[in-house]
Amino acid sequence: MIPQPRSDQAVVAHHGWPRAVATVLVALVSMGVVAALGLWAAGAGDLPDHAFPRVVAASVVTAVGGTVKLSGSAGGLADSTAGLTVIPLSVTLAGALVLGAGFLRPLRHRAVAGGRELAGWAARIAVLWLLALLALAYAARQDFKLSLGDDTLGDLGDLFGVSPEVGFTTDVPRTVLFGLLWMAGVLVLALLVSRRAPLPGRLLPLQESVRPAAHAMVVLLLSFVVLGTLVALVVAVTRGHASETLAVILLGLPNLVWLALTIGLGATWNGRVEGPFGLPMPHLLDEVLRSKDTTTLNLHTLAEHDGRVWWLVVVDAVLLLAVAFLMAARSPAHVRAWQHAVRLAVALALTVLTICLMGRISAHYGLSVLGIGDLGGGLGGQLFLDPELWPAVGLGALWGLVAGFLGALSARPVQRRPDRTV
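Labelled according to an unreviewed UniProt entry, the chain appears under the name Streptophobe family protein, originating from Streptomyces pseudovenezuelae.

Attention now goes to the packing of helix α3 (residues 52–63) against helix α5 (residues 115–139). Where α3 contacts α5, the axes come no closer than 8 Å and their chain directions differ by 130°. Classified by the angle their axes make, α3 and α5 are oblique. α5 is crossed by α3, and the crossing has left-handed handedness. Residues Arg-54, Ala-57, Val-60 and Val-61 of α3 form the contact with α5, whose own contacting residues are Leu-136, Ala-137 and Ala-139. Partitioning the contact of α3 with α5 into residue classes produces 6 nonpolar, no polar and 1 charged.

Before going further, it helps to spend a moment on a nonpolar patch on the surface. Taken together, the side chains of Leu-321, Trp-338, Val-342, Val-346, Leu-350, Leu-398, Leu-401, Val-402, Phe-405, Leu-406 and Leu-409 present a nonpolar region at the surface, about 930 Å² in accessible area. Contributing elements (two or more residues each) for the nonpolar patch: α14 (337–358) and α15 (389–411). Here the element with the most residues in the nonpolar patch is α15; it accounts for 6 residues. Among the structural elements, Phe-405 can be located in helix α15. Exposure remark for Phe-405: the relative accessible area of 31% places this residue in the partly exposed category.

The next thing to look at is the pattern of salt bridges. Applying the stated rule across the entire model yields 1 salt bridge. Note that Arg-308 is salt-bridged to Asp-306, the shortest N-O span being 2.7 Å. Assessed through its relative accessible area of 55%, Arg-308 is described here as exposed.

Structurally, Ala-329 is set in helix α13 (residues 311–330). Put simply, Ala-329 and Ser-410 are 81 residues apart on the chain and 9.1 Å apart in space, counted from C-alpha to C-alpha. Residues in contact with Ala-329, not counting those within four places in the same chain, are Ala-411 and Val-414.

For the rest of this paragraph, the subject is the packing of aromatic side chains. Within a pair of aromatic rings, the relevant descriptors are the distance that separates the centres and the angle that separates the planes. Per the counting criterion, the structure on display carries 2 aromatic pairs. Plain terms: the ring middles of Phe-103 and Trp-121 are 6.2 Å apart, the flat faces sit at 5° to each other, and that makes the pair stacked. Of the two residues, Phe-103 sits in helix α4 (residues 89–104) while Trp-121 sits in helix α5, which places them 18 residues apart along the sequence. Each of the two residues, Phe-103 as well as Trp-121, counts as buried. The interplanar angle of 20° and the centroid separation of 5.6 Å between the aromatic rings of Trp-129 and Trp-182 together place this pair among those described as stacked. With Trp-129 in helix α5 and Trp-182 in helix α7 (residues 172–193), this residue pair connects regions lying 53 residues apart in the sequence. You can call Trp-182 buried: its relative accessible area is 13%.

Let us now look at the layout of surface pockets. Taken as a whole, the second largest pocket spans an internal volume of roughly 1600 Å³. Taken together, 38 residues form the lining of the second largest pocket, with Val-231, Val-235, Pro-282, His-283 and Leu-284 sitting closest to its centre. Going through the elements one at a time, α9 (211–239), α10 (242–264), α11 (283–289) and α13 are the ones with two or more residues in the lining of the second largest pocket. The element best represented in the lining of the second largest pocket is α10, accounting for 10 residues. Along the lines of polarity and charge, the residues of the lining of the second largest pocket split into 26 nonpolar, 7 polar and 5 charged.

Grouped together as the largest cluster of nonpolar side chains are 50 residues, with contacts concentrated most on Met-217, Leu-220, Trp-258, Trp-269 and Leu-297. No other element matches the 9 residues that α10 contributes to this core. For Leu-297, the residues in contact, after removing those within four places along its chain, are Ala-267, Thr-268, Trp-269, Leu-285, Val-288, Leu-289, Leu-302 and Leu-385. Counting residues in hydrophobic clusters, the runner-up holds 45 residues, among them Ala-27, Ala-57, Leu-104 and Phe-168.

Checked against the element boundaries, Arg-343 lands in helix α14. Buried within the structure, Arg-343 lacks any salt-bridge partner; its nearest side chain of opposite charge belongs to Glu-208, at an N-O separation of 4.3 Å. Not counting chain neighbours up to four residues away, the residues in contact with Arg-343 comprise Glu-208, Ser-209, Ala-213 and Val-335.

With that settled, consider the pairing of strand β5 (residues 269–274). The buried fraction of β5 amounts to 6 of the 6 residues, a majority that puts the element mostly inside the structure. The alternating pattern of β5 places Trp-269, Gly-271 and Val-273 and Asn-270, Arg-272 and Glu-274 on opposite faces, both of which are buried. In this sheet, strand β6 (residues 295–297) lies alongside β5 in antiparallel orientation, the contact comprising 3 bridges. Within the sheet, the bridge partner assigned to Gly-271 lies in β6 and is Thr-295.

Turning our eyes to something else, we now look at the packing of α5 against α7. Interaxial distance between α5 and α7 falls to 9 Å at its minimum, and their mutual angle equals 145°. In terms of crossing hand, the pair formed by α5 and α7 is right-handed. Residue-level inspection shows Leu-118, Ala-122, Ile-125, Ala-126, Trp-129, Leu-130, Leu-133, Leu-134, Ala-137 and Tyr-138 of α5 in contact with α7, the latter providing Val-172, Thr-175, Val-176, Gly-179, Leu-180, Trp-182, Met-183, Leu-187 and Leu-191. Classifying every residue of the contact of α5 with α7 gives 17 nonpolar, 2 polar and no charged.

Chain-level statistics for the chain give a pLDDT mean of 83 and a share of 80% at 70 or above. Segment residues 74–79: pLDDT under 50, and 14 contacts once partners within four positions in sequence are set aside and those in other chains are kept. Note on residues 418–422: pLDDT under 50 across the span, and 12 contacts to partners over four residues away in sequence or across chains.

Definitions and limits used
Residues numbered from 1 in each chain as written. Predicted model: local features only at pLDDT ≥ 70, side-chain atom pairs only at ≥ 80, totals over all residues. Heavy atoms only, no water. Axes fitted to C-alpha atoms, helices over the stretch in contact; angles between N-to-C directions. Helix = DSSP H or I, 4+ residues; strand = E, 2+ residues; numbered from the N terminus. Parallel < 35°, antiparallel > 145°, perpendicular 65-115°, else oblique. Left-handed = near helix turned anticlockwise from the far one by under 90°. Contact = heavy atoms within 4.5 Å. Nonpolar A, V, L, I, M, F, W, Y, C, P; charged D, E, K, R; others polar. Patch = residues over 30% accessible without salt bridge, like charges linked within 9 Å, V, L, I, M, F, W, Y side chains within 5 Å. Areas by Shrake-Rupley, 256 points an atom, 1.4 Å probe, with all protein chains shown as cover. Salt bridge = Lys/Arg side-chain N within 4 Å of Asp/Glu carboxyl O. Buried < 20%, exposed > 50% of the residue type's maximum accessible area, 1.4 Å probe, protein only. Phe/Tyr/Trp six-rings, centres within 6.5 Å; stacked < 30°, edge-to-face > 60°. 1 Å grid on protein atoms, 1.4 Å probe; cavity = no way out; pocket = protein on both sides within 12 Å on 5 of 7 lines; lining within 4 Å. Points joined across faces, edges and corners; volume = space filled by probe spheres on them. Core = buried A, V, L, I, M, F, W, Y, C linked by side-chain atoms within 4.5 Å. Lys, Arg positive; Asp, Glu negative; His and termini not counted. Pairing = 2+ DSSP bridges. pLDDT = per-residue confidence, 0-100.

Structure below.
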């Protein structure tokens, strides 16, 4: 008896609405759990007015590219200002891994998939993701009352009845737009990275030219996360501060380790931390950034405080050569070494560009009563961290060229056929 090919209805049933619901739900739960544990470790569990769930929702919103706006109110005799731009990349990474795996799972064991089939499967996830984004956007809203303290600012507040409040809300249109773009990027990247995921016939050439390089970059980024986690756990065991370390791991570890990746390549970041506010970060970074003027972060400036920073160059070189070897080993043997070099250069340049755009940090809050008090004192504070973007991208391309060429040469003995040209 000759087996009959599966019908379109059977394919749709294999990854229809129930599986789409499960995929989106598991991704959201994963992100929510990571955000909740990280915020709890950071001390947010003691927030007043039962605000913790709303703060978790806001963290998930920012993790997928949404916009959370801070607001301040202090009455007619006072003025306040606030702003926050930061992406908790640990939450982002958890959601991307789970959502990508859920998208690919029903497509495994397939050699080719039609474009219409993939578009329909992605559209089901997109519709449900849109509904989830709307729910999160309207849930992530909260106001808090602040104490002015016992100094002159507090006395003026009591005298004039000033009761400052600060809160957050979401920009719903921007959250929906960027949240959908984030989801689309995750699904496309999942297709590009996975060796077993089927592609439409017209996109099969990408299997040779794009997939090995994309997979190499994902391995590179995840390797830095694993190394960073191990270092953080060792620090927690040997030096204490377990809750702070857990908060860093669950909220912003990729922010730190991918920053270290770019600095090891020679990139430069500019930043400053002022006032009582800050973000969880290693003591070295906090020490360097807390200055009167904008601080330059690169290998030279950090090495003035701790010479071990130069090991970042070694780590970058070793891991880049390893993923370059992996990329060449996964590529067809007829691909020339210079082609490997160009592909890895483009991939690493795009990776560095993404890190620089997603790793930017900006936060500030200030309050004044009758002109007394500003961003530099009292309840005020500011923090920012910005890359020198295009030099960093150029350095990534240069490292990629060198590592890609050397990786191709080292992988020649393990390829299926000897490569005659270089």
